[in-house]
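Coordinate inspection notes
Given next are the chains, with one letter for each unit.
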Amino acid sequence: MSEVRTERVGSTLLITIDRPQARNAVNAAVAAGLAAALDELESDPTLRAGVLTGAENTFSAGMDLKAALKGESPEVPGRGFGGLTEAELTKPLIAAVEGFAMGGGFELALGCDLIVAAEDAQFGLPEVKRGLIAAGGGVIRLPKRIPHHLAMEFLLTGEPVTGRRAGELGLVNRVTAPGDAAAVALQLAEKLAENAPLALAAVKKIVRGSEADAFAVQREETKKLMQSADVREGMTAFAERRAPKWTGE
C-alpha cells in the first residue's frame, strides 16, 4: 500500500500522508510519495490547487528518527524534506492540519502557502530536544511568519502550541472544529481556483524568491550538526524513550 494517497476533488488534488501506525512520520517512502503527488499536481493542467493532510487525524509527527538512525533519508534531492520544503511549485498548496504537526510535520505545513488547522491540533519544533535544528524550513520561515521573539520561543524551547493558539499568533489562516480542517481547506482551494493561474504562480515565485540562498547557508550549518555526537545521542535517546545526555560535542 502506498504511504501517500491522492484523490481528485473538483479541481483540487487532495494529498494524504497515509502512515498512521507511525503518526505519519516522514521516511524515504513518504518523501518519494509526496514528490510524486506534487508532480501530479503540477503536471495536470486541470488541477488548480492542492491540499495536504494526514490520515487518521494526524498531520505528521515529522522525521522518522528510527528510519534516520538506519541511514534512511527523508529528503528528495533538490526538493528538501518530504520532497516538499524546497520544491518549486507553481500551484497553491494548502495544509489541512489535524492532530500533530511536529518537527518536520510543522515544516511541511510551513512549506505550504496557506494553513487550516483544527483548534486542538499541535504545532511544535522540538528539534533542539534531539540535538538538531528545524532545518526543513522552520528556522528560515517561522521568523518571517510570526513576530521574532515568538518564533524564537518555538525554535529554542521546542514546546508546542495548539491550533487555537496558532490562530491567535496569525500562523494559520483558518481555525476549525476538530475533524473539519480538510473540508475547510478544500473550500479555500476552490476560492483560489477562481483566480488566474499565471498570476498565482507569479505571486508564489516572488514571495519565495529569497529562500533559496537561506537554505544554502542552512545546509552548511546542518552538515556540521549532523557530524556531532549530540545529534546521534538525541536521536538514540528518542528511540529509546529516555532523556538525552548532552556533551556539547
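Throughout what follows, the structure given in this document is the object of discussion. (Residues numbered from 1 in each chain as written. Predicted model: local features only at pLDDT ≥ 70, side-chain atom pairs only at ≥ 80, totals over all residues. Heavy atoms only, no water.)

As a further point, take the sheet that holds strand S3 (residues 49-54). Spatial ordering of the open sheet is given by S1-S2-S3-S6-S8-S11, a layout of six strands whose pairing is mixed. Edge positions in the sheet fall to strand S1 (4-9) and strand S11 (174-176), since each of these pairs with one other strand and no more. Ignoring which end each strand starts from, the neighbouring axes of this sheet average 20° apart. Sheet strands touched by helix H1 (residues 28-43): S1, strand S2 (12-17), S3 and strand S6 (93-97). Its angle to S2, the strand with the most contacts, is close to 180°. (Pairing = 2+ DSSP bridges. Helix = DSSP H or I, 4+ residues; strand = E, 2+ residues; numbered from the N terminus. Axes fitted to C-alpha atoms, helices over the stretch in contact; angles between N-to-C directions. Contact = heavy atoms within 4.5 Å.)

So, about unusual backbone geometry. Note: most peptide bonds trans; most residues except glycine with negative phi. Here Arg 23, not a glycine, exhibits a phi torsion of approximately 55°, which is positive. Take Arg 23: it is sitting in the loop between S2 and H1. At Asn 57, a position not held by glycine, the phi torsion is positive, near 60°.

Close contact between helix H4 (residues 138-145) and helix H5 (residues 148-157) brings their axes to 8 Å; oriented N to C, the two are set at 150°. Relative to H5, the element H4 lies roughly antiparallel. In this structure, H4 crosses over H5, and the sense of that crossing is right-handed. Along its contact with H4, which presents Gly 138, Val 139, Leu 142 and Pro 143, the element H5 presents Ala 151, Phe 154 and Leu 155. (Parallel < 35°, antiparallel > 145°, perpendicular 65-115°, else oblique. Left-handed = near helix turned anticlockwise from the far one by under 90°.)

Our next topic: the packing of aromatic side chains. Following the criterion strictly, the structure yields two aromatic pairs and no others. When the ring of Phe 106 is compared with that of Phe 123, the centres are 5.3 Å apart and the planes differ by 65°; the resulting orientation is edge-to-face. Of this pair, Phe 106 sits in helix H3 (residues 104-110) while Phe 123 sits in strand S9 (residues 122-124), placing them 17 residues apart in sequence. Ring-pair connections join several aromatic residues into one group, and the members of that group are Phe 106, Phe 123 and Phe 154. We note Arg 23 situated over the ring of Phe 100; from NZ or CZ to the ring centre the distance is 4.7 Å. (Phe/Tyr/Trp six-rings, centres within 6.5 Å; stacked < 30°, edge-to-face > 60°. Lys NZ or Arg CZ within 6 Å of the ring centre and 35° of its normal.)

Turning our attention to the sheet that holds strand S10 (residues 161-162). Spatial ordering of the open sheet is given by S7-S9-S10, a layout of three strands whose pairing is mixed. The open sheet is flanked by strand S7 (100-102) and S10, the only strands paired with a single partner. Pairing of S9 with S10, which is carried by two bridges, proceeds in the antiparallel orientation. Along S10, the bridge assignment pairs Gln 122 with Thr 162.

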